[in-house]
Amino acid sequence: MALIFGSPRKQSTDKDEVGTDHRLTLAKDIYMAGKMKIVTTETVPGREIQSAFGLIVCRSYVFDNAFYGLMAQAVDVNADAIVGYRETVAFHPEGDKYYSCYGTAVRLKKLK
């Protein structure tokens, strides 16, 4: 009787892959500058939602890649914010962690 254990192999062991992908670097810069709101609530305080683009999800073995990948997807659809943000981590018996970040990309109404 044979038991087979295994998990998908990581594409890279580099912990700083954010610096190697232009989209992730741009998303990180936008987040650090405070240009995109990310909230765990259903609305952004003090703002009204004009339209929703829908659920966006990003997964990776590196948390920064999952988080900034999510932001890059929001930038791709020209969203102003991510509402209902959640993150999860799955643990594999071999010790690997697999991060998932998700939320709803939305466009906010202009401030008057």
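Counting starts from 1 at the beginning of each chain's written sequence and moves along it residue by residue. Since the coordinates come from a predicted model, pLDDT governs what is reported: local features require at least 70, and pairs of side-chain atoms require 80 or more to be given and counted, while whole-chain, interface and lining totals use all residues. The basis for the side-chain values is all heavy atoms of the structure; hydrogens and waters are excluded.

Q: How should I be thinking about the side chain of serine 100 in this particular structure?
A: Checked against the element boundaries, serine 100 lands in strand β4 (residues 97–108). With relative accessibility at 10%, the residue serine 100 sits in the buried group. Two N or O atoms form a polar contact when they lie within 3.5 Å of each other; inside protein one atom must be a possible hydrogen donor and the other a possible acceptor, and for residues adjacent in sequence the pair counts only when both atoms belong to side chains. Separated by 3.3 Å, the side chains of serine 100 and arginine 59 make a polar contact. Every residue pair with non-hydrogen atoms within 4.5 Å of one another is taken to be in contact. In this view, serine 100 contacts Cys58, Arg59, Arg86, Glu87 and Thr88; residues no more than four positions away in its chain are not counted. Elements are defined by DSSP. Helices are runs of H or I of four residues or more, strands are runs of E of two residues or more, and each kind is numbered from the N terminus. Three exposure classes are used, based on accessible area relative to the maximum for each residue type with a 1.4 Å probe and protein chains only: buried under 20%, partly exposed in between, and exposed over 50%.

Q: Would you mind going over the pattern of salt bridges with me for this structure?
A: Proximity of charged atoms lets side chains of opposite charge pair with each other. Any Lys or Arg side-chain nitrogen found within 4 Å of a carboxyl oxygen on Asp or Glu counts as a salt bridge. Under the criterion given, the structure shown has three salt bridges. With its nearest N and O atoms 3.3 Å apart, the salt bridge here joins lysine 109 to glutamate 48. Placement of the pair is lysine 109 in the segment after β4 and glutamate 48 in the loop between β1 (37–38) and β2 (49–60), with a sequence separation of 61 residues. On the accessibility criterion, lysine 109 (39% relative accessible area) is partly exposed.

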